[in-house]
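As a plain string of letters, each chain reads:
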Amino acid sequence: MSATLAPAETAGKSTFDVEKIRADFPILRQQVRGHQLVYLDNAATSQKPQAVIDAIVEYYEKGNANIHRGVHFLSEKATEDFEHARRTVQRFVNAAEASEIVFVRGTTEGINLVAQSYGGANVGAGDEVVITAMEHHSNIVPWQMLCDQKGAKLRVAPMNDRGELILDEYGKLLGPRTKLAAISHVSNALGTINPVKQMIALAHAKGIPVLVDGAQAVPHIAVDVQDLDADFYAFSAHKMYGPTGVGAVYGKKALLEKMPPYQGGGDMISSVTFEKTTWNKVPHKFEAGTPDMAGVIGWRAAIEYMTHVGVARIAAHELELLEYATQVVGALPGVRIVGTAKEKASVLSFVIEDVHPHDIGTILDQEGIAVRTGHHCAQPVMDRFGVPATVRASFAMYNTRAEVDALARGIRRVREVFA
Ligand code: C6P
């Protein structure tokens, strides 16, 4: 059974031309296992438009050189393109200055940077770091490692049965020993959108800085780090139509300037002697070694693509799809949706009675439908809901109602196989 893609996404109120967008993503044209590919694993990584692929190819064909190091033409051009990309990222999340954008390998490295640099300098024995019950492992383990190193304690704010943070309990955990709160903007396993602006205000009222894990937010909703008043905000390019291996951590300049470097090496220094080394200014202090220039330049193309389509329009389209999928999939016999928060983005997690999620994923794959099954690197979330794993369908701007229908047919097929 293959998905027949709708000629245009006329269903619903949106005038979003999804077919035009799909035409920009070459990978979506292919057949998988004899079926039209239905790619619903966007929370793991999204597909890349031709503009991003072209930007990377063009960089290697015409622009490749190391940055910040050469006086020759190509090096100067690569440096300018790289720094232009930093300004593009800055504008996209509305950071006050480009120097507040530190390029890293992705959200994971961004959080580790803040944990080791800010946390290393500011968290001591008996102190506390507050996270929430819906964090991805990337926003748990770096803090556990820090707490182990320092003799500090990790405190976890609970969520309710819908997968919503219990704000009162979070507020109560913020105490005189709390040195930092690290919270996800959007849960990758449940799709919950956390009230991060409110959560940041609660922490700031007690003088506590906040890191936001924005890996699943920036691809789907408009993010304004100044409006949120986030102290740190980490995100990855590959979940927002850009290349893998690149991301950024935003940090308020006053904080970044006080923090020690995370790694030592080339480009992060001002001067080096065997006796003493002094640091480069921010953000370069945190960017040791040759960065992924092609990746950063590809990311700029991805942001320009998203901006061209319009983040508000992407969000509206995805919300419409999520509501449709929740209704269609949720109505199927034996299906239980895991994560039913009022505010959600892009993620539909579910289980089917008496069928293991891996079997569901395998049968869907036979139909050309890509979903993620497992614990989604959020094992404590699975424990909270008493399931070993879920099936997760996650949406991007190029998904269609016809693909949701294909998913529903695939789930019916699972039920037939296991009847
Ligand atoms: N989640 C998923 O399938 P990296 O791998 O560094 O780009 O992002 C890590 C990360 C951090 N926080 C959240 C909320 C995330 O969802 C992810 C990545 C993928 O859900 C891969 S495990």
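Residues numbered from 1 in each chain as written. Predicted model: local features only at pLDDT ≥ 70, side-chain atom pairs only at ≥ 80, totals over all residues. Heavy atoms only, no water.

Caption draft 1: Examining the pattern of salt bridges more closely. In this structure the tally under the stated criterion is 22 salt bridges. The salt bridge involving glutamate 83 is made with arginine 86; its shortest N-O contact spans 2.7 Å. Of this pair, glutamate 83 and arginine 86 both sit in helix α3 (residues 73-92), three residues apart, roughly one helical turn. Under the relative-accessibility criterion, glutamate 83 is labelled buried at 17%. (Salt bridge = Lys/Arg side-chain N within 4 Å of Asp/Glu carboxyl O. Helix = DSSP H or I, 4+ residues; strand = E, 2+ residues; numbered from the N terminus. Buried < 20%, exposed > 50% of the residue type's maximum accessible area, 1.4 Å probe, protein only.)

Caption draft 2: Region of the structure containing the packing of aromatic side chains. Under the definition given, this model contains ten aromatic pairs. When the centroid spacing of 5.2 Å and the interplanar angle of 65 degrees are considered together, the rings of tyrosine 59 and tyrosine 60 count as edge-to-face. Of the residues examined, tyrosine 59 reaches a relative accessible area of 4% and is grouped as buried. Here the aromatic cluster, defined as three or more aromatic residues joined through ring pairs, consists of Phe82, Phe103, Tyr233, Phe235 and Trp299. (Phe/Tyr/Trp six-rings, centres within 6.5 Å; stacked < 30°, edge-to-face > 60°.)

Caption draft 3: Highlighting the domain arrangement of the protein. For the protein, the assigned domains are domain 1 (7-32 + 310-417) and domain 2 (53-307). On a C-alpha basis, the centres of domain 1 and domain 2 stand 28 Å from each other. Tallying the contact residues gives 35 residues for domain 1 and 30 residues for domain 2. Summing both sides of the interface, domain 1 and domain 2 together bury roughly 2600 Å²; the carbon and sulfur share of this comes to 59%. For the pair domain 1 and domain 2, the number of links is one salt bridge. Counting across the domain 1 and domain 2 interface gives 19 residue pairs in polar contact (both at pLDDT 80 or more). Here the side of domain 1 that touches domain 2 takes six residues from helix α13 (residues 379-385), the largest share from any one element. When the residues that make up the side of domain 1 that touches domain 2 are grouped by side-chain class, the tally is 20 nonpolar, eight polar and seven charged. (Domains from an automatic or database assignment. Contact = heavy atoms within 4.5 Å. Buried area = accessible area lost by both parts, 1.4 Å probe. Polar contact = N/O pair within 3.5 Å; in protein donor to acceptor, adjacent residues only side chain to side chain. Nonpolar A, V, L, I, M, F, W, Y, C, P; charged D, E, K, R; others polar.)

Caption draft 4: Quick look at the environment of glutamate 97. One can find glutamate 97 in the loop between α3 and β4 (101-104). Taking the C-alpha atoms as reference points, glutamate 97 and methionine 240, 143 residues apart in sequence, are found 22 Å from one another. Setting aside residues up to four positions removed in sequence, glutamate 97 forms contacts with Gln90 and Lys253. In terms of polar contacts, glutamate 97 uses its side chain to reach the side chain of lysine 253, at 2.9 Å.

Caption draft 5: How the structure looks around the site of the ligand. Contacts to the ligand come from 17 residues, most closely from Thr108, Asp213, Gln216, Ser236 and Arg372. Between the ligand and the protein, one listed contact pairs an oxygen atom with a side-chain N or O atom of asparagine 188 at 2.7 Å. Arginine 372 places a side-chain nitrogen or oxygen 2.5 Å from an oxygen atom of the ligand. Coverage of the ligand by the protein amounts to 87% of the 510 Å² it exposes when considered alone. Classifying every residue of the shell around the ligand gives four nonpolar, nine polar and four charged. Each of domain 1 (7-32 + 310-417) and domain 2 (53-307) contributes no fewer than three residues to the shell around the ligand. (Near = heavy atom within 4 Å. Areas by Shrake-Rupley, 256 points an atom, 1.4 Å probe, with all protein chains shown as cover.)

Caption draft 6: Examining the nonpolar core more closely. In this structure, Tyr170, Tyr233, Phe235, Trp299, Val381, Met397 and Tyr398 are the most contacted members of the largest nonpolar core, which totals 82 residues. Looking at which element gives the most residues to this core, the answer is helix α10 (residues 293-309), with eleven residues. Leave out the neighbours within four places in its chain, and valine 381 touches Ala133, Met134, Met159, Ala189 and Leu190. Membership of the second largest hydrophobic core comes to 29 residues, among which are Ala325, Leu332, Ile360 and Val414. (Core = buried A, V, L, I, M, F, W, Y, C linked by side-chain atoms within 4.5 Å.)

Caption draft 7: Structural view of the sheet that holds strand β9 (residues 232-236). As summarised here, the arrangement of the seven strands in space is β4-β10-β9-β8-β7-β5-β6, forming an open sheet in which the pairing is mixed. Looking along the sheet, the strands with just one partner apiece sit at the ends: β4 and β6 (153-157). On average, adjacent strands in this sheet sit at an angle of 20 degrees to one another, irrespective of strand direction. Of the strand pairs in this sheet, strand β5 (residues 128-132) and strand β7 (residues 178-184) are connected by three bridges, and their pairing is parallel. Paired with glutamate 128 across the bridge in β7 is threonine 178. Across the face of the sheet, helix α5 (residues 141-150) comes into contact with β5, β6, β7 and β8 (210-213) while running at roughly 145 degrees to β6. (Pairing = 2+ DSSP bridges. Axes fitted to C-alpha atoms, helices over the stretch in contact; angles between N-to-C directions.)

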